Amino acid sequence: MRDYLLTLCVTAAVTYLLTGPVRKFAIATGAMPEIRARDVHREPTPRLGGIAMFFGLCAGLLVAAHLQNLGSVFELSNEPRALLSGAALIWLIGVLDDKFELDALIKLGAQMISAGVMVAQGLTILWLPIPGVGVVSLTPGQGTLLTVALVVLTINAVNFVDGLDGLAAGMVCIAATAFFLYAYRLWYGYTIEAAAPATLFTAILMGMCLGFLPHNMHPARIFMGDSGSMLIGLILAASAISITGQVDPDVLKLFEGSTREATHAALPVFIPLVLPLTIIAIPMADLVLAIVRRTWKGQSPFAADRGHLHHRLLEIGHSHSRAVLIMYFWSALIAFGTLAYSVHSTSMWIVLGVVALSAIGLVLLLMPRFTPRAPRWAESVVPPRYRRRGPASAAEADAEPSPEPVTDEDERVPVPAGINGATAIGNRARFTDRRKAGTPS
């Protein structure tokens with residue numbers, strides 16, 4: 001565990017330290033797209049955050065390769081090399097897209113090729129549990145198709161959910177944490193060495209997200225772009241494929257007794273194959289609703305609008321941060337609820353706990369304007385938004401200066417962000433004083 005934590009910390013540190021220079025590089029190269037009608041942010045923000053995340057991945061793999069307990073992963077398995085090869089290809093395409101806006105079909109083809117590169121090096125799904133049948137071995141063609149489909153779905157799900165500051169990185173970090181706990185349990189609890197690569201991948205993925213989040217939380221100073229969203233989506237899919245494709249079911253001694261009992265015992269073990277779908281669940285529901293909504297209005301299903309889930313959360317009264325936290329909550333509930341079921345599939349308390357937390361989530365979702373207020377004795381140590389608003393005293397009212405009328409000369413206009421990043425590198429003020437020279441302040 002110490003080696004995994006060291007790898008996680010090194011990955012997070014490298015990603016965090018490189019994000020600042022990468023931000024300046026993105027501004028200098030003009031990787032700052034104009035604000036579109038459906039965007040939430042209000043000023044041009046640089047992209048290419050995936051560059052720092054990729055170098056964090058390389059640093060994590062390099063450190064792990066020189067650790068005594070994790071070095072065997074590189075000697076006994078070719079999966080780390082397969083992951084790095086696929087990640088480098090998808091990252092390169094993402095960087096080009098962040099700068100030049102590539103066609104969607106080109107990106108789809110690159111995603112399929114990246115998955116094929118990993119399959120060619122042994123990172124593929126070999127068998128699947130089928131309810132009522134048991135574990136079914138897949139042919140090379142079936143395994144390749146299923147692996148490519150899972151990689152493409154996960155990549156696009158992460159890319160689709162990347163709509164608010166810190167949303168994609170946080171949701172992927174939650175899913176990676178659930179993966180790590182499950183994979184580490186297989187590796188340490190069942191002494192299955194084949195689960196070690198997935199444990200390493202998820203630890204590095206957690207470090208990449210944690211290192212990038214301080215720069216990406218609202219208000220974001222840099223976006224990960226497609227170079228980051230596609231990269232972490234590929235690593236998330238590779239972790240699930242590694243466990244499902246390489247862990248031998250016979251080693252777990254699940255198939256003792258009737259076929260029904262064996263199938264029931266096997267399903268929780270292979271539930272991590274479903275864990276990538278937990279991050280797809282919310283975006284896919286949003287995608288289906290978007291297609292229905294646009295078709296009902298007579299528009300193209302691919303027409304952009306402001307009707308996505310994160311837009312609706314903002315419209316009904318949630319703040320930017322609260323909308324992100326709500327989506328964090330639902331991702332954690334689905335991911336860790338699935339993880340808990342894989343550990344104790346017969347416990348009714350897990351189901352009751354998930355139901356209770358779901359009810360709490362619905363209450364929070366339907367109370368967008370609820371703001372908790374701190375008690376009087378704690379108002380001095382909490383942020384102003386949590387303090388009770390009482391009438392100002394007469395002395396304070398007399399001491400408060402009356403506002404001066406605003407004239408046309410005092411009108412402020414937005415400052416566009418050019419290639420030098422006038423509003424992205426320096427102060428975040430978006431307005432400039434338009435008073436004429438010689439006028440009183």
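All values derive from a computational prediction rather than experimental measurement. Residue indices follow the written sequence of each chain, beginning from 1 at its first position. Side-chain atom pairs in this predicted model are given and counted only at pLDDT of 80 or more, local residue features only at pLDDT of at least 70, and totals for whole chains, interfaces and linings cover all residues. Side-chain figures throughout are based on the complete set of non-hydrogen atoms in the structure, without hydrogens or water.

1. Thoughts on the overall build of the protein chain
To be explicit about the condition: A helix here means a DSSP run of H or I that spans at least four residues, while a strand means a run of E at least two residues long, and both kinds are numbered starting from the N terminus. Partly exposed residues are those whose accessible area sits between 20% and 50% of the maximum for their type, while under 20% is buried and over 50% is exposed, using a 1.4 Å probe and protein chains only. Pairs of residues are marked as contacts when any of their non-hydrogen atoms sit within 4.5 Å. Calculation of accessible area relied on Shrake-Rupley with a 1.4 Å probe; when residues are assessed, cover is drawn exclusively from the protein chains displayed.
Scanning the protein chain from N- to C-terminus turns up 15 helices and four strands. Counting the 441 residues in the protein chain, one finds 45% classified as buried. In the protein chain, 73% of the contacts between residues at least 6 apart in sequence involve partners at least 24 apart. Accessible surface computed for the protein chain: about 22700 Å², of which carbon and sulfur atoms make up 64%.

2. With respect to the environment of I243
Take I243: it is sitting in helix α9 (residues 225-246). With relative accessibility at 3%, the residue I243 sits in the buried group. Residues I243 and A183 lie 60 residues apart in sequence; the distance between their C-alpha atoms is 7.4 Å. Excluding residues within four positions of it along the chain, I243 makes contact with Y182, A183, L186 and A198.

3. Considerations on the confidence of the model for the protein chain
Put simply, the rule is: In predicted models, pLDDT denotes the confidence assigned by the predictor to each residue on a 0 to 100 scale.
Averaged over the protein chain, the pLDDT score is 77; the fraction of residues at 70 or greater is 67%. The secondary-structure element of the protein chain with the lowest mean pLDDT is strand β4 (residues 431-432), recorded at 40, while helix α2 (residues 50-65) shows the highest, at 96. Contacts from residues 255-260, a stretch scored under 50 in pLDDT, to residues over four places away or in other chains number eight contacts. Per-residue pLDDT stays below 50 along residues 391-441; that stretch engages in 52 contacts with residues further than four places along the chain or on separate chains.

4. Section: the packing of helix α1 (residues 2-28) against α2
Operational definition: Only the contacting stretch of a helix is used when fitting its axis, a line to C-alpha atoms as for every element, and angles between N-to-C directions run 0 to 180 degrees. Here is the rule for angles: anything less than 35 degrees is roughly parallel, anything more than 145 is roughly antiparallel, 65 through 115 is roughly perpendicular, and the remaining ranges are oblique. Throughout, a crossing is termed right-handed when the near helix is turned clockwise from the far one, and left-handed when it is turned anticlockwise from it by less than a right angle. Polar here means any residue other than Ala, Val, Leu, Ile, Met, Phe, Trp, Tyr, Cys and Pro, which are nonpolar, and Asp, Glu, Lys and Arg, which are charged; Gly is therefore polar.
Following both chains from N to C, one finds α1 and α2 inclined at 150°, their axes separated by 7 Å at the closest point. Relative to α2, α1 is oriented roughly antiparallel. Of the two possible hands of crossing, α1 and α2 adopt the one that is right-handed. Residues T7, V10, T11, V14, T15, L18, T19, V22 and F25 of α1 form the contact with α2, whose own contacting residues are I51, A52, M53, F55, G56, L57, A59, G60, V63 and A64. Its residues placed into classes, the contact of α1 with α2 shows 13 nonpolar, six polar and no charged.

5. Quick notes on the nonpolar core
Let me state the cut-off plainly: In these notes, a set of buried Ala, Val, Leu, Ile, Met, Phe, Trp, Tyr and Cys residues joined through side-chain atoms within 4.5 Å is what counts as a nonpolar core.
The biggest cluster of nonpolar side chains holds 89 residues, and the ones touching the most others in it are Y4, L57 and L200. With 17 residues, the top contributor of residues to this core is helix α7 (residues 167-189). Excluding residues that lie within four positions of it along the chain, Y4 makes contacts with L70, F180, Y184, W187, A196, T199, L200 and A203.

6. What to know about the packing of aromatic side chains
As a reminder of what qualifies: Here a pair means two rings of Phe, Tyr or Trp (six-membered ring of Trp) with centres within 6.5 Å. Their orientation is stacked below 30 degrees between planes, edge-to-face above 60, and tilted elsewhere.
Under the definition given, this model contains seven aromatic pairs. Consider the rings of F54 and F55, whose centres lie 6.0 Å apart with planes at 75°: the pair is edge-to-face. Classification of F55 as partly exposed rests on a relative accessible area of 41%. On the numbers, 5.7 Å between centres and 85° between planes, the contact of F329 with W330 is edge-to-face. Take F329: its relative accessible area is 26%, and that puts it in the partly exposed class. Following the ring pairs from residue to residue traces out a cluster consisting of Y4, F180 and Y184.

7. Focus on unusual backbone geometry
That bond from H218 to P219 is cis: its omega, -5°, falls within 30 degrees of zero. Among the secondary structure elements, P219 is positioned in the loop between α8 (196-216) and α9. With a phi close to 70°, L48 is a non-glycine residue in the positive phi region. Take L48: it is sitting in the loop between α1 and α2. Residue class for L48 comes out buried when judged on its relative accessible area of 3%. At E101, a residue that is not glycine, the phi angle is positive and equals roughly 60°.

8. A short note on the pattern of salt bridges
Just so we agree on the cut-off: What counts as a salt bridge is simple: a side-chain nitrogen of Lys or Arg found within 4 Å of a carboxyl oxygen of Asp or Glu.
Following the criterion strictly, the structure yields three salt bridges and no others. With a shortest N-O distance of 2.8 Å, R47 and E101 are connected by a salt bridge. Taken together, the residues span a long stretch of sequence, with R47 in the loop between α1 and α2 and E101 in the loop between α4 (79-100) and α5 (104-120) at a distance of 54 residues. Among the ionic pairs, D97 bridges to K107, the shortest N-O distance being 3.6 Å. Pair noted here: D97 is in helix α4 and K107 is in helix α5, with a separation of 10 residues, a long-range link. Each member of the pair, D97 as well as K107, carries the same accessibility label: buried. Residues joined in a network through salt bridges with shared partners are D97, K107 and D226.

9. As for the side chain of S239
Looking at the element boundaries, S239 is found in helix α9. We classify S239 as buried; its relative accessible area is 0%.

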